[in-house]
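Here are the chains, one letter per residue:
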Amino acid sequence: MPTKPESSVSVEDAARAPLMEIRDLNVHYELRGSALARLVGGEGETVKAVDGVNLVLERGEVLGLVGESGSGKTTLGRALLGLVRPTSGHIGYGSHDLASLAQRQLRPLRRQLQMVFQDPHAALNPSMEVSTAVAHPLRIHGLVNSKAEGRSRAAEALERVGLSPAEQFLDKLPAELSGGQKQRAVIARAIICGPELLVADEPISMLDMSVRAKILELMLDLRADLDLTYVYITHDLATAKFFCDRVAIMYLGRIVEIGPTEEIFADPKHPYTQALLRAVPDLDPDRRVPRDLPRGEIPDAAAPPHGCSFHPRCPYAFEPCGWEARDLRAMFERRWLALGEDAYAKEGPLVGEIDEVDPNQELVRLRAGRHASELVSLLSEARADDPDEPLWRGVEGIEQDGGTVVVRFREGVDPALGSVNDIDVACHLHNPDLRPT
Amino acid sequence: MTEPVLSVRDLRVWYGTERGPVQAVDGVSFDLRPGETLGLVGESGCGKSTLGRGVLGLLPRAAKLAGEVNYHGRNLVTATPREVQRLRGPDLGLIFQEPLTRLNPLLRISQHFEETLRTHEPGLSKREIQHRSIEVLRAMGIPPTRYRAYPHEFSGGMRQRIMIAMALVLRPSFVVADEPTTALDVLVEAQIIGILADLRRNFDTSLLFITHNLGIVAEACDRVAVMYAGRIVEQGPVADVFARPQHPYTKELLRSTISLSTTGLHYIPGAPPDLVEPPSGCRFHPRCPSAMRVCPERFPEPVAVGPQTVECWLHGPSDLVPAGGSEPLAREEITVADEA
Amino acid sequence: MSSRTSGSLRTYLVTRVLLFVPQVLIILTIVFVLMRVAPGDPVTVALGGQRTPEQLAELRADAGYDRSIFVQYAEYITGIFRFDLGQTITDSREVTDIIKTNGGATLTLTVAAFLVALLIAVPFGLLAGRYRDTALDATLRIFGIVTYAAPVFFLGLLLQLAFARGLGWLPSSSQASPVVMATVEQRTNIFLLDALLDGDTSAFWNGVEHLILPALTLGLLLSGIFIRIIRINLIQTLRSDYVEAARARGVMERRVVVQHAFRNALVPFVTILGLQVALLLGGAILTEQTFNWNGIGSQLVRYLENRDYVAVQGVVTLFALAVVTVSLLIDIINAIIDPRVRY
Amino acid sequence: MRTWRLTTTTALVAGCALVLAACGGDDDDGSGGGGDGPEPTSDTPLIVGTTDTVTNIDPAGQYDNPSRNIVVNVYQRLLTVPLGETEPAPEAAESCDWDDETTYTCILKEGQMFSDGEEVTAENVVHSIERNLEIQHETGGWELLSGIESVEAVDDYTVTFQLSGPDATFPFVLTTAAAAIVPMSYPADELQPNEEVIGSGPYTVEAFDPSQQIQLGLNENYSGDYELNNGSVIQQYYDQESALKQAIEEGEVMVAYRNLGVTDIEDLEQNGADRGVEVVRGEGVEINYMVFQVGREPFDELAIRQAIAHIVDRESIAENVYRGTVTPLYGPVPDGVAGHVTTFEQEYGAEPDVAAAEQLLEDAGIDTPVSFDLWWMPDRYGAEIADMYGEIERQLEDTGLFDVTLEQLSWAQYSTTFSDGSMDAFDLGWFPDHPDPSNYIAPFYHSENNFLQNGYENQEMDDLIDTILTDLDQEERIAAVEEASVIAAQDVPVLHLWQRDQVAAVREGVTGMQETLDPSFTLYYNLVSGVEE
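The following refers to the structure shown. Computed from a predicted structure; not experimentally measured.

What follows is about the overall build of chain D. When helices and strands are tallied, chain D shows 16 helices and 17 strands. In chain D, which comprises 533 residues, the proportion classed as buried is 62%. Accessible area for chain D stands at about 19,100 Å²; split by element, carbon and sulfur atoms hold 44% of it.

Residue and element names in this part refer to chain D. As enumerated under the stated definition, the model contains 14 cavities of 30 Å³ or more in all. Quantified by volume, the largest cavity comes out at close to 150 Å³. Lining the largest cavity are 18 residues, and of these Arg68, Asp433, His434, Pro435 and Ser520 lie nearest its centre. Here the lining of the largest cavity is composed, by residue class, of nine nonpolar, six polar and three charged. Viewed by domain, the lining of the largest cavity spans two of them, domain 1 (57-195) and domain 2 (284-501), each represented by three or more residues.

This part takes up the packing of aromatic side chains. For the coordinates displayed, the defined rule picks out 42 aromatic pairs over all chains. Ring geometry for Tyr222 of chain D against Tyr226 of chain D: centres 6.2 Å apart, planes inclined by 40 degrees, an arrangement best described as tilted. With respect to burial, Tyr222 of chain D and Tyr226 of chain D carry one shared label: buried. Grouping aromatic residues by their ring pairs yields a cluster made of Tyr289, Tyr381, Trp411, Tyr414, Phe418, Phe426, Trp430, Phe444, Tyr445, Phe451 and Tyr456 of chain D. One Lys or Arg, Arg302 of chain C, reaches over the ring of Tyr303 of chain C and ends 4.7 Å from the middle of that ring.

With that settled, the discussion passes to helix α12 (residues 253-290) of chain C. The end-to-end C-alpha separation of α12 of chain C is 45 Å, well short of the 56 Å expected for 38 residues at 1.5 Å each. At Leu275 of chain C, α12 of chain C is deflected by roughly 40 degrees, the largest bend along its length.

For the structure shown, the criterion picks out 61 salt bridges over all chains. Where Asp274 of chain B meets Arg19 of chain B, a salt bridge forms, and the shortest distance between an N and an O atom there is 3.1 Å. Of this pair, Asp274 of chain B sits in the loop between α9 (248-256) and β11 (302-305) while Arg19 of chain B sits in the loop between β1 (6-17) and β2 (20-32); the two residues are 255 residues apart in sequence, bridging distant segments of the chain. The exposure class of Asp274 of chain B is partly exposed, given its relative accessible area of 33%. In this structure, Arg53 of chain B engages Asp178 of chain B in a salt bridge whose closest nitrogen and oxygen atoms are separated by 3.7 Å. Placement of the pair is Arg53 of chain B in helix α1 (residues 48-56) and Asp178 of chain B in strand β7 (residues 174-178), with a sequence separation of 125 residues. The class for Arg53 of chain B is buried, based on a relative accessible area of 16%. A single network of salt bridges, built from pairs that share partners, joins Arg53, Arg102 and Asp178 of chain B together with Asp241 and Glu244 of chain C.

With that settled, consider the state of the cysteines. Working definition of a disulfide: a covalent bond connecting the sulfur atoms of two cysteines. As enumerated under the stated definition, the model contains one disulfide over all chains in all. Two residues share a disulfide in this structure: Cys96 of chain D and Cys106 of chain D, whose sulfurs sit 2.2 Å from each other. Note on the Cys96 of chain D and Cys106 of chain D pair: the S-S dihedral is about 115 degrees, so by sign convention the disulfide is right-handed. With a gap of ten residues between them, Cys96 of chain D in strand β4 (residues 93-100) and Cys106 of chain D in strand β5 (residues 103-108) connect regions that are remote in the sequence. Under the relative-accessibility criterion, Cys96 of chain D is labelled buried at 19%. No disulfide involves Cys308 of chain A; its nearest neighbouring cysteine sulfur is the one of Cys321 of chain A, lying 5.8 Å away. For the unlinked cysteine Cys295 of chain B, the closest cysteine sulfur is that of Cys282 of chain B, found at 5.8 Å. What makes Cys295 of chain B buried here is its relative accessible area of 7%.

On the surface, Glu94, Glu110, Glu123, Asp155 and Asp156 of chain D cluster together to form a negatively charged patch. Counting through the fold element by element, Glu94 of chain D comes out in strand β4.

The partner chain A presents 58 residues to the 62 residues of chain B that form the contact. Summed over both sides, the interface of chain B with chain A buries roughly 5,000 Å², with 58% coming from carbon and sulfur. Sorting the residues of chain B by area buried against chain A places Leu187, Glu219 and Leu260 of chain B first, and these three jointly supply 17% of that buried surface. Seen at the junction of chain B and chain A, the total is two salt bridges. Among the ionic pairs, Arg161 of chain B bridges to Glu297 of chain A, the shortest N-O distance being 3.4 Å. Seen at the junction of chain B and chain A, the total is 18 residue pairs in polar contact (both at pLDDT 80 or more). At the level of elements, α4 (126-139), α5 (156-168), α6 (186-203), α7 (214-220), α8 (238-243) and α9 of chain B are the ones that each hand at least two residues to the side of chain B that touches chain A. Here the element with the most residues in the side of chain B that touches chain A is α6 of chain B; it accounts for eleven residues. Taken together, the residues of the side of chain B that touches chain A sort by class into 27 nonpolar, 20 polar and 15 charged.

Residue and element names in this part refer to chain A. Only one face of strand β11 (residues 363-367) is buried, namely the one carrying Val364 and Leu366, since none of Leu363, Arg365 and Arg367 on the opposite face is buried. Inspection of the sheet shows β11 paired to strand β13 (residues 404-409) by five bridges, in the antiparallel sense. Residue pairing for β13: Leu363 is matched across the bridge by Arg408.

As a further point, take the sheet that holds β1 of chain B. Residues and elements named next belong to chain B. A sheet is described by the order of its strands in space; here four strands give the open sequence β2-β1-β4-β5, paired in antiparallel fashion. Both edges of this open sheet fall to β2 and β5 (74-75), since each of them pairs with a single strand only. Bridging between strand β4 (residues 63-71) and β5 involves two bridges; their strand directions are antiparallel. When the bridges of β5 are listed, Asn70 appears paired with Asn75.

Right, let's get into the nonpolar core. Leu6, Phe30, Leu51, Phe113, Ile162, Phe174 and Phe242 of chain B are the most contacted members of the largest nonpolar core, which totals 105 residues. It is α5 of chain B that provides the largest number of residues to this core, a total of eight residues. Setting aside its immediate chain neighbours within four residues, Phe113 of chain B contacts Ile129, Ser133, Val136, Leu137, Tyr147, Ile162, Ala165, Met166 and Val169 of chain B. Ranked by size, the runner-up nonpolar core spans 96 residues in total, among them Ala133, Leu198, Leu293 and Phe409 of chain A.

Rules and cut-offs
- Residues numbered from 1 in each chain as written.
- Chains lettered and ligands numbered in written order.
- Predicted model: local features only at pLDDT ≥ 70, side-chain atom pairs only at ≥ 80, totals over all residues.
- Heavy atoms only, no water.
- Helix = DSSP H or I, 4+ residues; strand = E, 2+ residues; numbered from the N terminus.
- Buried < 20%, exposed > 50% of the residue type's maximum accessible area, 1.4 Å probe, protein only.
- Areas by Shrake-Rupley, 256 points an atom, 1.4 Å probe, with all protein chains shown as cover.
- 1 Å grid on protein atoms, 1.4 Å probe; cavity = no way out; pocket = protein on both sides within 12 Å on 5 of 7 lines; lining within 4 Å.
- Points joined across faces, edges and corners; volume = space filled by probe spheres on them.
- Nonpolar A, V, L, I, M, F, W, Y, C, P; charged D, E, K, R; others polar.
- Domains from an automatic or database assignment.
- Phe/Tyr/Trp six-rings, centres within 6.5 Å; stacked < 30°, edge-to-face > 60°.
- Lys NZ or Arg CZ within 6 Å of the ring centre and 35° of its normal.
- Expected span 1.5 Å × (residues − 1).
- Bend = angle between axes of the 7 residues up to and from the residue.
- Salt bridge = Lys/Arg side-chain N within 4 Å of Asp/Glu carboxyl O.
- Disulfide = S-S within 2.5 Å.
- Patch = residues over 30% accessible without salt bridge, like charges linked within 9 Å, V, L, I, M, F, W, Y side chains within 5 Å.
- Lys, Arg positive; Asp, Glu negative; His and termini not counted.
- Charge placed at Lys NZ, Arg CZ, Asp CG, Glu CD.
- Contact = heavy atoms within 4.5 Å.
- Buried area = accessible area lost by both parts, 1.4 Å probe.
- Polar contact = N/O pair within 3.5 Å; in protein donor to acceptor, adjacent residues only side chain to side chain.
- Pairing = 2+ DSSP bridges.
- Core = buried A, V, L, I, M, F, W, Y, C linked by side-chain atoms within 4.5 Å.

This is how it looks when you write it as structure tokens:
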């Protein structure tokens, strides 16, 4: 990522140093993991779960990490707590860099950095009493000397999260608690060491509608009382809008848009954010689901699209967005979807397996043999049938080279976060140098 | 008005458990007209999934069913398992919550379609099967290139579309969709809602849409039935119910739903009741802000309020309310210890 | 996506094959260490009680048993890579020769037992799972538990008593009658095959008669666990979401069971089969003992009694290689038949 | 005896002439080679089942009974102890004699041949001895020959042994399998492979699979005077005693020799006739005994050892535990071997005498009960050892004089542990190398060369052992053995318990088995006839 985003710290906040500064953070996972696999020539694939993220976390704020599954929001959240080893980058916390600290040095810091999990059923050991579970962090960090002390501290924490009277809950097993009570216990466990930062990973998505508000209210209370900073990970834009001061929209490991909640929800800049917002079901029965949702689904994270990851689905995609061979194949699939089985039977063999020819390249050579000219005319037919298809904006030229048809795409550019008012957005539409006139 | 496709009368479902029978569905009645989508909402454990499956005769062996499920003049509750099984597919369809595990991993998508079509239309040629399958897959946005792929080669959203296609390829007149988008992402969810909303237009299929998400009901359904503790407490056209909810539970549920326009938090105190020993009278009375003395005494009768039907003593009938019954009920305090 | 599938299958298989080497090395090391840790050595076992301790010590030193354990380990490992498993101490046989002459018997027994087990377990397991919690299921389950829990020698003895002693239908020990065995020329060391190669059908049937009881004993042992595995797999499969989905599409129950449940239930079973090779070999050792079956297992016991660790090491090495190889093969087969297996 | 046997066999030869004629047809080029080829009385193969396992058929590689048995049938030795006798007599030798105290000369018979056609000469004897001593195989019996300083072929048929010291047992040494004669083609520094065995004995090895069976054929070149009662031998190996028993019952084998279980023998004796099986018995030379740790408490006290000798009831053990398959042993030398005397019976009586034991202990001022550990191993001398020590424990404790703790170890550990002095008392068994009584005295009682390492010292005993080992006068030696047996009974460093009978089961019609079950502890296959099944 070429540029560093400017921090969105406003002037009055600057007096307080930020809680955390994340620079160029990468978390990559090797697929088919072993070095051995690569040694023997298996092209070991890498999933860039977090891909060059820059972020400043202010003290006391609630930052929302919003995205769909596979967007990297959970991985990023866990990296902030040192629960995931970053591949590279910097996580400044106080005088430490969490990204490079050894596990041993990380441990004492974990007291200040806590997590609340999505599934309260799974987060509690089913055979551990609530008092033991809640006091567990104290024991790990050696903050209590006796079991009794742990128990009384656990009781305090339980009262704090509203499980009152605590005596009623201390000796229960998780199975004896309702979903909301379990989540309260999980939160009690998270705050018992007096943390500064709480990363809450979808803390209410497993709960019933009537309970969600209670947990959110509790979290807001705790934030005010204990001076907490939250990172709120969610795919639910409605709670993000209500709960967060700032939101970062993530897509395939990158932050595509970040800014104050109100502004983003009022005027989203990135086409992806816009799509997400329009897709949220609303209680207003007069509103109808939009017909123009982004097509397709989130691509395979092991082989993200060229250029802007969102371009294959983006209705506004244009020349520099990173067109490549797969987009051509997707275009044909959409075409056949529209035209039906017969068109596929006729054209399918002509097009062949585009995927197997130079994926991720700006130049596609389609071996068509003696049908080369037919393929050229098919391509122009397809273009004529759907001239508004964004793909054609990216096609620079189609040439026939003997038995090969060469489709040349325009060079793609990785979008970097750039400021538009208070919002940082990674989209060429907002880049004055590239924006179509 | 046209004849209902499906008419459910006083349906009851019990489960045997160690602690005693659970009255999961407790005397539910509703009608579904051709091409109509009925949203069935409620919190987890209210019996909405049990109801959906009970209608299709797909309950586990431990469950007992009573009442009427009238489909084209036949009562599915008393029909033989074989008869019901014949209807499943060409007449009654089901779309599941977890699309990822609903396809046999060892069979190609094409084989799934072949099996389904061969079962109910044995005379079809392979060519016809392929044609019909690909057409319905196309309608669901699955390109023909993927017809022979294996289930694991598809994402969750695509698998759900395949499941829907497989339910629709037989053109059933009634489909139960059981939380079909719960496991899916926002955009995919919107896509699926779009597809299901289109069913009415394109397939003339009636849909029982089970969900806990009121927003989805608002977007995709014609009518809504709100379930609480095994009963439908309110049903009516979506627009009316959302604009003028009549049952206190519906009101509370709408208020506590967090949407993009939410500005303040609200919640219902307490927790849904234990269905082994449900509260007397109106099941909601211990949590109801408007509970009256009559509420724990007697079961409320269904009452028409405008286009809606509501089971709540607030709406009468007043001749059944005993003297002093409309005095406010002195409620026991609800603590966090009782919450969900 | 489909193109990547085949590529990853290839990668998976290559990786899997390469993993084979460290797996084998680890097992070999364990075998070596265990053999050195076990008390006793061939000299004292053979001559203790006949010689003075000083003489024994001298003999042990002469035989090189007091050499550095690392030297011995290095020799052992390098030997294996030259397919040289050494020479037995007690009777100076090449270990490879034991494998060559006795392997045929073990192979015959295990293959026959495996077939018996599959013939019993696949129908029984599927029936038990299909008619779960019925009297049939209970009967088959008890059958499975009994065959699995019954010690091989006990089961073998029972069969011997019933069919050999009692009814007198079948011979109870050895691969063939001594005279028959002496007349068949040893070519492949697989008796039945040798008999056929000799064109001696009466010798062949003599061999088959001798094979029935041991194969049944070992086969029953295996079938016990097979039945359980197949039954549980089938029950789980019958509970699986896609089976319910098939029912919800109105697919006939018989077809649901056959098409969706049986096949899918047998896939994990194939995976587990690989793990059963160890059980099979373990059972083979006991069966060979019981039926005087001169396979590798009975040799292993004999050499173990004599603390002939070169021989034991060699035979166990072979067993370990067999287990690892079969599990490799099973994994490969599994990767091919199950489209989901990708690592 | 020998003449008697010859006449019987002649009769048999005559009787079987018809059979021979009938069978001879398909015996392709069989035994027709030379005029002095073997003339078996029957062509029927003899099928012998055993639970033994044969290891090496090279004389330099064996020291175990099963292997020795094959060696003795395949090779010749200079001398042998004829069946039923106790003194060595010539086999391959024409004659042997002492030149002086340390020089022994043998003259070979002429014209004896190995199975490959080479003649047996003095050179072969030298080679056999020298390679055995050179190889020193870890499981071999070369130590038997270690008293030989040099061996020399004086001429083609004369060989002279120079001993490092006087050794009266040397003629017996030459009867052992370690001294069997091998051809020059056997390597001087390593064992001959089992598949390529060449000997001058009555049999040749046709095929050998140590896990399954050995096939012996007749040696066409055999010129010795053993009569041959079968055309070939198959020895079939069984892992389990029960399998061996079933095999003889099913008729798969004609002879079951060695290691039928005690209960199996009992069953066959009672019911075998119905199944065509009979049990044959002969004197055995395997003994079992209990060793006391004489060097320390409690068994440094003679009275305690003698008290135990008074109490232990050997008859009861033989009858109740072993069902009559062993014979009580009342002296160091078993019955059937020269010098056998029942000195323990003379010292302590045949009946247990608790009162005498009590008196002994009281006189010696010993506090009772005396407690001690008694060790045994389950996997070496048969399963009944467990019951036997249970019985002994009961016998001792019933008197109230002893408190016995039974301990067991597997043989692998036991074999190294018993000699370290940590066991108060322990069980052992013994197979002799050869049936000379010295073999039952010298290894047990000498104060230095005592493999038991139990701290027993007695100068008188040492002197007697010297006589037994070196005096060439046989009468003197036997007298010394008898005297040593008396001292052994008085001092009780070792308490002898039993000698095991040799027991075999044979199919009806099998002959010759009885004769071969003698203290030579060898199954001479040639004596035994097969039967048609």
